[in-house]
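# Breakdown of the fold
The chain contents come next:
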Amino acid sequence: MSAGDVVVTGVGATSPLGGDVESLWRNLLDGRSGVRRIDDQLTGYAHWEELPTRIAAPMAVSPDTVLPRVQARRMDRCEQAALVAAQQAWADAGTPDVDPLRLAVVIGTGIGGLTTVLGQDDLIEEKGPSRVSPLTVPMLMPNGPAAYVSLELKAKAGTYTTVSACASGAEALSQAVRLIRSGEADVVVAGGAEAIISPLMIAGFAQARTLSKRNDEPERASRPFDVDRDGFVLGEGAGVLVLERASYAEARGARVLARLAGFGVTADAYHITGPDPSGDGQIRAIRAAVAMGGLTPADVEHVNCHATSTVVGDVGEANAVQAALGDHVVLTAPKSSLGHLVGAAGAVESIITVLTIRDGVIPATLNLESQTPDVKLDVVSGEPRRRPVRAAICNSFGFGGQNVSLLFTAA
């Protein structure tokens, strides 16, 4: 490991599988699902029975029960989740004693404070402008999660927000690497957060025909790479990683979980929601990450796939992975258990990739009962697969043609 490397020293998450990283990891390996019926969250909406999808993957532990009550009330649910995950990650890293001027924050989100927008709009319609909260703007702004984490940690080297749909969390990690390698920071707290489970978002995605309609089988609804997949399941949560310059981490005696050795960020410039069928942008992102890490495709053993359980997307990604890396890589798709956390997906799944390297075990893809014949690669199903993993790619792709691939390697 060279002094200029970027290493992961802490991780934190709140997700549909648990309110912390170890719960998330244990439940993922145990083959549990965070997807459930959410009728209780929809019945206040006049036309809720018209929604074709009534399942989602809410956070297992509501973040407003973790934070102090007064603080939580001043924050959107997305901001709450980001702060809870950041506090965990910071503690996991050993609470680094870093100069605030050398500490930065990058937190991505695809939408931001949607819960606040909808709630305050209802208030102004029903009770007038005097009832709107004076904290409405800081609660709804997309940079709110990053700002609250910066305030918590007194980070003064810069506070950044990446907004690139479902690639937001992964792009935040790529930006963190840039900040460290450019010399602007020694430590960066980076990740993603999202909390947008609502009738509006469910209706919007359903109208776009991207959501699963398996309302009677919630736990079996998200099934990446399976012949019977019919769309993704909307989830929520946050994932945060503490990234450090390797020389800084070594000097303070930090425990290193993995290296974030490379990244690739590309654009399809093809369609606002659909991926380029040629896979060009995804292939370029994967190859760029591998090249930045100084590896060859043959060195990469595992891919944590974006695979959302859509008919077109899963096959397109598998073909891109095969074209970029070859036939030898082993795949998994955590969204089968977590649902799709949108702006938080790339960060939470990066944590899963780090833990895969740490523990030498690849989680199984839940609900993969009959792999689609169009996917020729080895997708782990049934039981987790125990094997050493020295280099792994984590993919995140988003609406707008956003492609981010991250290369993690053993420390």
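Coordinates for the structure precede this section.
Notes on the structure in this doc start here. (Residues numbered from 1 in each chain as written. Predicted model: local features only at pLDDT ≥ 70, side-chain atom pairs only at ≥ 80, totals over all residues. Heavy atoms only, no water.)

## Comments concerning the state of the cysteines
Taken as a whole and judged by the stated rule, the model has 0 disulfides. Counting only cysteine sulfurs, Cys394 is the nearest neighbor of Cys166, a cysteine outside any disulfide, at a range of 13 Å. Here Cys394 stays free of any disulfide, with the sulfur of Cys305 as its closest cysteine sulfur at 9.1 Å. (Disulfide = S-S within 2.5 Å.)

## Observations regarding the side chain of Asp276
Topologically, Asp276 is positioned in the loop between β8 (258-267) and α11 (280-292). For Asp276, which is buried and forms no salt bridge, the nearest opposite charge comes from Arg284, at a distance of 6.9 Å. Those residues within four positions of Asp276 in sequence are excluded, and the remaining contacts are Asp268 and Tyr270. (Helix = DSSP H or I, 4+ residues; strand = E, 2+ residues; numbered from the N terminus. Buried < 20%, exposed > 50% of the residue type's maximum accessible area, 1.4 Å probe, protein only. Lys, Arg positive; Asp, Glu negative; His and termini not counted. Salt bridge = Lys/Arg side-chain N within 4 Å of Asp/Glu carboxyl O. Contact = heavy atoms within 4.5 Å.)

## Topic: a negative patch on the surface
A cluster of like negative charges, contributed by Asp121, Asp122, Glu125 and Glu126, occupies part of the molecular surface. Classification of Asp122 as partly exposed rests on a relative accessible area of 42%. (Patch = residues over 30% accessible without salt bridge, like charges linked within 9 Å, V, L, I, M, F, W, Y side chains within 5 Å. Areas by Shrake-Rupley, 256 points an atom, 1.4 Å probe, with all protein chains shown as cover. Charge placed at Lys NZ, Arg CZ, Asp CG, Glu CD.)

## A look at the environment of Asn403
Mapping Asn403 onto the fold places it in strand β15 (residues 402-409). The spacing of Asn403 and Ala60 is 343 residues in sequence and 29 Å in space, taken between C-alpha atoms. Setting aside its immediate chain neighbours within four residues, Asn403 contacts Gly264, Val265, Thr266, Ala267, Asp268, Gly281, Gln282, Ala285, Ser396 and Phe397.

## Side note on the pairing of strand β4 (residues 103-108)
Most of β4 sits out of view: 6 of its 6 residues are buried. Residues Leu103, Val105 and Ile107 line one face of β4 and the alternating positions Ala104, Val106 and Gly108 line the opposite face, and both faces are buried. Pairing geometry for β4 and strand β6 (residues 187-194), over 6 bridges, is parallel. By the bridge assignment, Gly108 is partnered in β6 with Gly192. Note: β4 against strand β5 (residues 159-160), 2 bridges, orientation parallel. (Pairing = 2+ DSSP bridges.)

## A few points about the environment of Arg287
Mapped onto the elements of the fold, Arg287 is located in helix α11. Each C-alpha atom, one on Arg287 and one on Met141, is 34 Å from the other, the two residues being 146 residues apart in sequence. Among residues more than four places away in sequence, those in contact with Arg287 are Ala323 and Ala324.

## Side note on the nonpolar core
The biggest cluster of nonpolar side chains holds 51 residues, and the ones touching the most others in it are Val8, Val188, Leu241, Leu243, Leu406 and Phe408. Counting 26 residues, the second largest nonpolar core, distinct from the first, contains Leu325, Leu331, Val375 and Leu407. (Core = buried A, V, L, I, M, F, W, Y, C linked by side-chain atoms within 4.5 Å.)

## Here we look at the pattern of salt bridges
Tallied over the entire structure, the rule returns 23 salt bridges. Between Glu22 and Arg358 there is a salt bridge, and its shortest N-O distance comes to 3.5 Å. Separated by 336 residues along the polypeptide, Glu22 in helix α1 (residues 21-29) and Arg358 in helix α14 (residues 345-359) bring together distant segments of the chain. On the accessibility criterion, Glu22 (41% relative accessible area) is partly exposed. For Arg358, a relative accessible area of 35% corresponds to the partly exposed category. Among the salt bridges present, the one from Glu217 reaches Arg220, with a minimum N-O distance of 2.7 Å. The partly exposed category is assigned to Glu217, whose relative accessible area is 34%. On the basis of relative accessibility, which here comes to 30%, the residue Arg220 falls in the partly exposed class. Each of the salt bridges in this network shares a partner with another, and the network as a whole consists of Arg214, Glu217, Arg220, Arg223, Asp226, Asp230 and Glu369.

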